[in-house]
Amino acid sequence: MELIDGNAIAASLIAELKQSVATLEGRAPCLALVRIGEDPASVSYVRKKEKTAAEIGVRSRVILPPPTITQTELEGLIDDLNADPSVDGILVQSPLPPTLIEAEIFRRIAPDKDVDGFHPLNLGKVAQDDPTGFVACTPAGVMELLSRSGVDLAGKHVVVLGRSLIVGKPVALLALQKRAGANATVTVCHSGTHNLAAITRLADVLIVAIGRPEFVTDQMVKPGAVVIDVGINRVPDDTKKAGYRLTGDVHFLSVAPICSKITPVPGGVGPMTVAMLMRNTIRARKRRNLSLTP
Ligand code: GUN
């Protein structure tokens, strides 16, 4: 069994991105990070995004509207960021408080600043195999991890467990694309799937994003499969100073011994997501340079 080291792969990507920012013409790329409410995971993710941005030379602007902000007010804030020429990328951290309609907010972000890749235009470009859009960061990170670990998906059976907008649906579309590094046969399973283990056991590559701690056990995995664990769950643990431990959606101890490659949690997909966000932000900046050239 080989451990896929997301920290190491993300670190080499980040070094490449740092180099690319250093050679950029004009001002540094700028990413607006909007976080509403105090969801502890969101607080930690946004902090990590700020820190990585600073490391690479990407400016970040963190905006913390009150949790009482209305849909109209938040849409107004997005409109202002869309119109602001000093902002290249906009990210609204999910989940939003239940009073706000997330899909409407994602739709409001200008597609050329949508570094999260959740605007219908960018999601649609993934479905059309059109590489000119922005690909959502976690799915893009999964694809990058696979290719940088020497896993070629061509002709393989990829089973995706989970159908979220943020991971399951876009990663299934990416694996399905007719291009080098993809071209897989893809099955998507979810919480309503019957005989789940019978299907996940067919996977050459199993991508798990179901949001349930240690859900996938060895009984659900074909020996020799590649397992990508996208889950990050906080499980109460009194022996830890923080009062919780992080665990994936895969029961690592039972699954790791039977698979050929597996991502750990933490240190697998998570660091890649942040690196891909930076890559999208730098791309957004470069595209603005091009669009401003007479
Ligand atoms: N919450 C969990 N993952 C993500 C992500 O990739 N982008 C945003 N905006 N929110 C998230």
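Our subject is the structure that appears above.
This one's a predicted model, so the numbers in the text were calculated from it and none came from an experiment. (Residues numbered from 1 in each chain as written. Predicted model: local features only at pLDDT ≥ 70, side-chain atom pairs only at ≥ 80, totals over all residues. Heavy atoms only, no water.)

1. Concerning the nonpolar core
In a soluble, globular protein the nonpolar side chains are often hidden away together inside. Worth spelling out the cut-off: The nonpolar core is taken to be a set of buried Ala, Val, Leu, Ile, Met, Phe, Trp, Tyr and Cys residues, with the residues joined through side-chain atoms within 4.5 Å. Relative accessibility decides the category of a residue: with a 1.4 Å probe and only protein chains considered, values under 20% of the type maximum give buried, values over 50% give exposed, and everything between is partly exposed. Counting from the N terminus, the helices are DSSP H or I runs at least four residues long and the strands are E runs at least two residues long. Working rule for contacts: check all heavy atoms of both residues, and any pair within 4.5 Å makes them a contact.
Leu153, Ile207 and Ile228 are the most contacted members of the largest nonpolar core, which has 49 residues in total. Considering every element that reaches this core, the biggest residue donor is helix α10 (residues 269-292), with nine residues. Those residues in contact with isoleucine 228 that sit more than four places away from it in its chain are Ile4, Val142, Leu146, Leu206, Ile207, Val208, Thr263 and Val269. Listed in part, the 18 residues of the second largest apolar core include Leu196, Leu206, Met220 and Ile262.

2. A few points about the packing of helix α1 (residues 6-22) against helix α2 (residues 40-56)
How we decide: Angular values range over 0 to 180 degrees, each being the angle between N-to-C directions of two axes fitted as lines to C-alpha atoms, with helices fitted over their stretch in contact. Our angle categories are set so that under 35 degrees counts as roughly parallel, over 145 as roughly antiparallel, 65 to 115 as roughly perpendicular, and the remainder as oblique. All amino acids are sorted into three groups, where Ala, Val, Leu, Ile, Met, Phe, Trp, Tyr, Cys and Pro are nonpolar, Asp, Glu, Lys and Arg are charged, and the leftover types, Gly among them, are polar.
Between α1 and α2, whose axes approach to 8 Å, the crossing angle comes to 55°. Comparing their axes, α2 and α1 come out oblique. Across the interface between the two elements, Ile14, Leu17, Lys18 and Val21 of α1 pack against Thr52, Glu55 and Ile56 of α2. The residue inventory of the contact of α1 with α2, partitioned by class, reads four nonpolar, one polar and two charged.

3. Regarding the site of the ligand
Definition in use: Summary of the distance rule: residues count as near a molecule or strand when at least one heavy atom falls within 4 Å of that molecule or strand. Contacts described as polar in this section are N or O atom pairs within 3.5 Å, which, within protein, must combine one atom able to donate a hydrogen with one able to accept it, while residues neighboring in sequence count only if both atoms come from side chains. For the accessible areas, the method is Shrake-Rupley and the probe is 1.4 Å, while residue cover comes only from the protein chains on display. Buriedness of a pocket was judged along seven lines, with at least five required to meet protein on both sides within 12 Å; pockets are open sets of points on a 1 Å grid over the protein atoms alone, cavities are sets where a 1.4 Å probe fits but cannot get out, and lining residues have an atom within 4 Å of a point. More than half of a molecule's atoms within 2 Å of the grid points is what it takes for that molecule to sit in a cavity or pocket.
Taken together, Leu91, Val92, Gln93, Ser94, Asp116 and Phe118 make up the full set of residues near the ligand. Valine 92 places a main-chain nitrogen or oxygen 2.9 Å from a nitrogen atom of the ligand. Note that a nitrogen atom of the ligand is positioned 3.2 Å from one of the side-chain N or O atoms of glutamine 93. Taking 270 Å² as the accessible area of the ligand by itself, protein coverage stands at 86%. According to the grid-proximity analysis, the pocket containing the ligand is the largest pocket. For the shell around the ligand, the per-class residue count stands at three nonpolar, two polar and one charged.

4. So, the sheet that holds strand β2 (residues 30-34)
Put simply, the rule reads: Strands qualify as paired when DSSP identifies two bridges or more between them.
Strand order in this open sheet of three strands is β3-β2-β4, and the pairing throughout is parallel. Every interior strand has two partners, whereas the edge strands, β3 (59-63) and β4 (89-92), have only one. Between one strand and the next, the sheet's axes are offset by a mean angle of 20°, whatever the strand orientation. With four bridges joining them, β2 and β4 adopt parallel strand pairing.

5. With respect to the pairing of strand β9 (residues 233-236)
Covered by surrounding structure in β9 are Asn233 and Val235 only, the residues Arg234 and Pro236 on the alternate face being uncovered. One ladder, built from four bridges, connects β9 with strand β10 (residues 244-247); its direction is antiparallel. In the sheet register, arginine 234 faces β10, and the bridge partner there is leucine 246.

6. Things to note about empty space enclosed by the protein
Inclusion rule: Grid points are joined across faces, edges and corners, and a volume is the space filled by probe spheres set on the points.
Going through the model one piece at a time under the given rule, you end up with one cavity of 30 Å³ or more. In this structure, the largest cavity occupies an estimated 30 Å³ of space. Looking at the largest cavity, the residues that line it are Arg35, Ile36, Gly37, Glu38, Asp39, Ser42, Gln93 and Pro95. Taken together, the residues of the lining of the largest cavity sort by class into two nonpolar, three polar and three charged.

7. Observations concerning the environment of glutamate 38
Position of glutamate 38 relative to the elements: it lies in the loop between β2 and α2. For glutamate 38 and leucine 91, which are 53 residues apart along the polypeptide, the C-alpha to C-alpha distance reads 16 Å.

8. Quick look at the pairing of strand β7 (residues 205-208)
On β7, burial covers both faces: Val205 and Ile207 on one face and Leu206 and Val208 on the other are all buried. Summarising the sheet, strand β5 (residues 157-161) and β7 pair through four bridges and their orientation is parallel. Residue pairing across strands places leucine 161 opposite valine 208, the latter belonging to β7. Here β7 runs beside strand β8 (residues 226-229); their pairing, made up of four bridges, is parallel. The residue bridging isoleucine 207 from the neighbouring strand is isoleucine 228, located in β8.

So, to be careful, I would describe these as geometric facts and stop short of saying anything about function.
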